[in-house]
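# Chains, contacts and geometry: an overview
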Amino acid sequence: MFKFLGRNPFVLFYIVSGYILVFTLWWGYLLASKNEQAFSEKVELNRVAYEAQGNKMKYEDTDSYLKLFSKYERQKVMILGEGLFFLILQILGLLQVRSIFGKEIELAAQQRNFLHSITHELKSPLSSVKLSLETMLKRQLNPEQQGKLINNALGDVVRLESLVDNILFAAKIERDTHGFANEEVNLSDIVELVAAKFRDNKNGISIQTDVEEGIYYHTDQVGFTSVVMNLIENAIKYSRQDTAISVSLHQISGAIRLEVRDEGYGIPDTEKTKVFEKFYRIGSEDTRKTKGTGLGLFIVKRFVEIYKGKIELTDNSPAGSIFSLTFPG
Ligand code: ADP
């Protein structure tokens, strides 16, 4: 009978909130009308006594009436003022509960998605490595076939390694923001190396670089490499075949600017801040079919924050996204 409550967890919340608000309004109204009733009854009683004493003046013009009236007015204002204050507090409280509740539900859904994608991402390369090893064990293969299988298995192991690295890095960046090195790092070399690593991608996406040589910066080498890898990997994952990605690194009046542009599916305005949240993945059909954990951009954003940098996400023209990271000089 109460199944509808389980389908939408907010239903019960709205029912209870509505009840609380209606109840408050009702009590406010009741209190105001009781105050009015008490006032009229007192006036009536006093008038009878007053007229019985043979007074000729209208009771409404006497001091006694004016005192009663001003007390009644004071109480009316008090009921209205306190009632309003209480109502506003209730509304603010309910809004806060609604927002915390919403965030919890969103986080729970994202964690479920994360568990689902991580299980899949761990299982498929493991099965593939297992299959390669079993094939090598069972069959007599020539060196060429063997080499191919070993290469496939190695590719899967590298994929697994980068997945585990990302998870460990996300845990570290969340737990310990002070644990990052502050060594002089050649950013230009890192960007070129990472771009080169992805040039031979399955999607036939070309990667162009425009990197100023010899840009050094005090940062964490592993962290910066992970940031560049995540941005380029995403640019490839969320693009159609045979499009292009451009990666640039420049020093502009002391500040360092890294930009990754793609011609991919793009990110709608409503999702532009959400994509940096932990475990968040856009639910559109285009991006859902790709593999991922929703940790990449979370890592990028946290890393940029740790080094007091800025991150901007804008639309590329005619399609795609531009991620621009600026680190202060
Ligand atoms: P993952 O790629 O593992 O899903 P990320 O945190 O790296 O996680 O990205 C979060 C989401 O943002 C992705 O699931 C995808 O929907 C979207 N996204 C990230 N980069 C891009 C991009 N370059 N183009 C389009 N969508 C992107």
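This one's a predicted model, so the numbers in the text were calculated from it and none came from an experiment. The residue numbers shown here count from 1 along each chain, following its written sequence. Owing to the predicted nature of the model, reporting of local features is limited to residues with pLDDT of at least 70; listing and counting of side-chain atom pairs is limited to 80 or more, with chain, interface and lining totals taken over all residues. Heavy atoms throughout the structure, all of them, feed into the side-chain values; hydrogens and water do not.

### Thoughts on the pattern of salt bridges
Quick reminder of the rule: By salt bridge we mean one thing: a side-chain nitrogen of Lys or Arg within 4 Å of a carboxyl oxygen of Asp or Glu. In this description a helix means any DSSP run of H or I spanning at least four residues, a strand means any run of E spanning at least two, and both kinds are numbered starting from the N terminus. Relative accessibility decides the category of a residue: with a 1.4 Å probe and only protein chains considered, values under 20% of the type maximum give buried, values over 50% give exposed, and everything between is partly exposed.
A complete count under the given rule lists eleven salt bridges for this structure. Its salt-bridge partner being E305, residue K301 comes within 3.1 Å of it at the nearest N-O pair. Taken as a pair, K301 and E305 lie in helix α8 (residues 296–306) at a separation of four residues, close to a single helical turn. On the accessibility criterion, K301 (30% relative accessible area) is partly exposed. Given the relative accessible area of 40%, E305 is considered partly exposed. Through salt bridges with shared partners, a single network forms among R257, E259, R261 and E312.

### Some thoughts on helix α6 (residues 221–237)
Short version of the rule: Take the residue count of a helix, subtract one, and multiply by 1.5 Å to get its expected span.
Here α6 is 17 residues long and its end C-alpha atoms lie 24 Å apart, about the 24 Å a rise of 1.5 Å per residue gives. With twelve of 17 residues buried, α6 is to be regarded as a mostly interior element. When α6 is considered as a whole, its buried residues turn out to be G223, F224, S226, V227, V228, M229, N230, L231, I232, N234, A235 and I236.

### Observations regarding the domain arrangement of the protein chain
Frequently, the measure chosen for interface size is the accessible area removed from exposure when the parts meet. Formally: How far each domain reaches was decided by an automatic or database domain assignment.
Domain parsing of the protein chain yields domain 1 (2–109), domain 2 (116–175) and domain 3 (183–327). Put simply, the middle of domain 1 and the middle of domain 2, counted by C-alpha atoms, are 67 Å apart.

### Observations regarding the environment of V129
Keep this limit in mind: Contact between two residues is taken to exist if any of their heavy atoms lie within 4.5 Å; hydrogens are not considered.
Relative to the helices and strands, V129 resides in helix α3 (residues 63–138). Exposure remark for V129: the relative accessible area of 15% places this residue in the buried category. Residues V129 and G155, spaced 26 residues apart in sequence, show a C-alpha to C-alpha distance of 9.2 Å. Residues in contact with V129, not counting those within four places in the same chain, are A153, D156 and V157.

### What to know about the packing of helix α4 (residues 143–175) against α8
The packing of two helices is summarised by the inter-axis angle and the distance between the axes. Under the convention used in this document: For helices, the axis comes from a line fit to the C-alpha atoms of the stretch in contact; other axes are also lines fit to C-alpha atoms, and the angle between any two N-to-C directions lies between 0 and 180 degrees. Roughly parallel means an angle under 35 degrees; roughly antiparallel, over 145; roughly perpendicular, 65 to 115; everything else is oblique. Crossing handedness is read from the near helix: turned anticlockwise from the far helix by less than a right angle, it gives a left-handed crossing, and turned clockwise, a right-handed one. Amino acids are sorted into nonpolar (Ala, Val, Leu, Ile, Met, Phe, Trp, Tyr, Cys and Pro), charged (Asp, Glu, Lys and Arg) and polar (every other residue, Gly among them).
Direction vectors running N to C along α4 and α8 enclose 40°, while the axes themselves pass 10 Å from each other. Taken together, the axes of α4 and α8 lie oblique to each other. Seen from above, α4 lies across α8 with left-handed handedness. Listed contacts from α8 to N166, F169, A170, I173 and E174 of α4 are G296, F298, I299, R302, F303 and I306. Residue composition of the contact of α4 with α8, grouped by class: seven nonpolar, two polar and two charged.

### Observations regarding the sheet that holds strand β2 (residues 206–211)
Operational definition: By definition, two strands form a pair when at least two bridges between them are found by DSSP.
Pairing is mixed in the open sheet, where five strands are placed in the order β2-β4-β5-β7-β6. Edge positions in the open sheet fall to β2 and β6 (310–315), since each of these has one partner strand only. Between one strand axis and the next, the sheet turns by 10° as a mean value, whatever way the strands run. Where β2 meets strand β4 (residues 244–252), six bridges bridge the pair, whose relative direction is parallel.

### Let's talk about the pairing of β6
Pairing geometry for β6 and strand β7 (residues 321–327), over six bridges, is antiparallel. Within the sheet, the bridge partner assigned to T314 lies in β7 and is I322. The turn linking β6 back onto β7 is made up of five residues, and G320 within it adopts a positive phi angle of 105°.

### Regarding the layout of surface pockets
Going by this rule: Definitions used for this entry: grid spacing 1 Å over protein atoms alone; cavity, a set of points where a 1.4 Å probe fits but cannot get out; pocket, an open set with protein on both sides within 12 Å along at least 5 of 7 lines; lining residue, one with an atom within 4 Å of a point. Grid points are joined across faces, edges and corners, and a volume is the space filled by probe spheres set on the points.
Within this model, the second largest pocket holds a volume of roughly 450 Å³. In terms of lining, the second largest pocket is formed by 19 residues, of which the most central are T24, G28, Y29, I79 and G83. Where the lining of the second largest pocket is concerned, the elements lending two or more residues are α2 (10–52) and α3.

### Considering the environment of N234
As for its placement among the helices and strands, N234 is situated in helix α6. A residue is classified by how much of its surface remains accessible, and N234, at 13% relative accessible area, is buried. A sequence separation of 16 residues divides N234 from H218, and the C-alpha atoms of the two residues are 25 Å apart.

### Side note on the pairing of β4
Each regular strand displays side chains that alternate between the two surfaces of the sheet. Summarising the sheet, β4 and strand β5 (residues 255–261) pair through seven bridges and their orientation is antiparallel. When the sheet's bridge partners are listed, I252 is paired in β5 with A255. Connecting β4 to the next strand, β5, in antiparallel fashion are two residues, including S253 with a positive phi near 35°.

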